[in-house]
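So the chains spell out like this:
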Amino acid sequence: MIEVRNLTKKYGDKVAVNNISFKVEKGEILGFLGPNGAGKSTTMNMLTGYISSTAGQVLIDGTDILEDPKKAKANIGYLPEIPPLYIDMTVDAYLSFMYDLKKCKLPRKAHIKDVCNLCKIEDVRGRLIKNLSKGYRQRVGLAQALINNPPVLILDEPTVGLDPNQIIEIRTLIKKLGKRHTVILSSHILPEIQAVCDRIIIINRGEVAADGTADEIAKNITNKHKMTLRIEGPTHTADDKKLIAGAIRNLAGVKYVRADMEREKGIYDYDVETDGKTDVRRAINKLCNEKGWNILMLQLSDLTLEDIFLKITMDEGFDRNEISGRKSKPKISIKAGENGKLRAEQEADEPETFGEDMTDEDTAAEEEAVSEEETAGEAETADGEESAAENEESNGGEE
Ligand code: ADP
Ligand code: MG
């Protein structure tokens, strides 16, 4: 239904969208997930023919948006980031105006009524848009996108600035619309995309960083073959590290072992990476039994989609090939921000690695960790500022 081929947008020297390609099948709800400034709005503006692309092509149901914009646009309902509302009009007058603008042929009265019903704005049809709350305005924006019943809906951050109840309402509505329309929805909020979308494209710095269902994306990057162990050795000194890590390294299927921090007195953690095919947990258990060592903890380091999103979007040195699986060599590094919000865990001792595949870079990456709470807090602050600003202008609503 929608095909995007090597789409690029430059603003002067700045590349806002860099050579992105994807397809959206009929009936799909695609989530466009990315932090502020990632290039979501720019992409959506190109998809809808709102702005032209620097290079690349957009096909809507086979029609090039720039070659035959009239035909292509007839298939699209667009809710831009800032809804194009004429605030001095009543809702009714505005929707009727949009009906004319879109040269809609559906029976006017019945169609507008249907749309108002769907968007739950029936009770404000006679009111001036400027007197509506942000939530109602957003629904009016959605209603104008639905006029003429377009097969494709493109919604740019439709829930920004709404309160939690309004967000749930809009999400429910979008899900409902997804049954009859192909929908692309953008957001910088992961749970929102997860709640609504069949498929997710993570966009970062103008590039597609991941594409697939939440499960697929998580599976592609998740390090199922990695685990952390805490083992109590015989001497309770640093000598244990070498002994234990060396023994684990010798097990079949183990690719490398890194002795980590002293987490309890005289007891160390070990990061173990396997070849991805062998489940080495039993062998490790057997080894420890035989040697008389105690396993105090075994943790598989699976990544959630949230971890992945944070890694992609917070990370300076992120290599997107890791996600698409095009390169085998991981190169994730999460850096501590200036404000210290991203925290690297402090090493008590120099880490020791056992295995041929580790480079300094890898080691550095492994040692750093992100505190989810803290990064989530950061995102919230950004949101908070945004909605505070928006609330200011939409004060005086009736909700
Ligand atoms: P998002 O919607 O994901 O927050 P945008 O598509 O709005 O991101 O912006 C992507 C990048 O392009 C940002 O760095 C933004 O500053 C830049 N940008 C967007 N619009 C313009 C413009 N009209 N002129 C110059 N730069 C722009
Ligand atoms: Mg945007």
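Look up a bit, the structure's there.
What counts as what
Residues numbered from 1 in each chain as written. Chains lettered and ligands numbered in written order. Predicted model: local features only at pLDDT ≥ 70, side-chain atom pairs only at ≥ 80, totals over all residues. Pairing = 2+ DSSP bridges. Helix = DSSP H or I, 4+ residues; strand = E, 2+ residues; numbered from the N terminus. Contact = placed C-beta atoms within 7 Å. Axes fitted to C-alpha atoms, helices over the stretch in contact; angles between N-to-C directions. Near = placed C-beta within 6 Å. Nonpolar A, V, L, I, M, F, W, Y, C, P; charged D, E, K, R; others polar. Core = buried A, V, L, I, M, F, W, Y, C linked by C-beta atoms within 7 Å. Buried ≥ 20, exposed ≤ 12 C-beta atoms within 10 Å, placed from the backbone.

Q: Please clarify how the sheet that holds strand 2 (residues 14–24) should be interpreted in this entry.
A: Within a sheet, neighbouring strands are paired by backbone hydrogen bonds and run either parallel or antiparallel to one another. Reading across from one edge, 2-1-4-5 is the order of the four strands in this open sheet, with antiparallel pairing throughout. Taken across any chain shown, the strands that pair with only one partner, and hence form the sheet edges, are strand 2 and strand 5 (63–64). Summarising the sheet, strand 4 (residues 55–60) and strand 5 pair through two bridges and their orientation is antiparallel. The residue bridging leucine 59 from the neighbouring strand is aspartate 64, located in strand 5. Sitting on the sheet, helix 1 (residues 40–47) touches strand 1 (2–11), strand 2 and strand 4, and the angle it makes with strand 1 is about 120°.

Q: I tried to follow the site of ligand 1 on my own but got confused; where do I start?
A: Near ligand 1, the surroundings consist of Tyr11, Lys14, Ala16, Gly34, Asn36, Gly37, Ala38, Gly39, Lys40, Ser41 and Thr42. Of all the elements in the fold, those that place two or more residues in the shell around ligand 1 are strand 2 and helix 1. Examining the composition of the shell around ligand 1, we find that three residues originate from one element, helix 1, more than from any other. Each residue belonging to the shell around ligand 1 can be placed in one class, and the counts come to three nonpolar, six polar and two charged.

Q: Explain the nonpolar core to me, please; I cannot follow it from the model alone.
A: Judged by nonpolar contacts, the single largest core of 70 residues is most densely connected at Leu95, Ala143, Ile154, Val183, Leu185 and Ile202. At six residues, the largest contribution of residues to this core is made by helix 5 (residues 134–146). Not counting chain neighbours up to four residues away, the residues in contact with leucine 185 comprise Ile29, Gly31, Phe32, Leu155, Pro158, Ile174, Val196 and Cys197. Counting residues in each nonpolar core, the second largest holds 16 residues, with Ala247, Ile248, Tyr256 and Val280 among its members.

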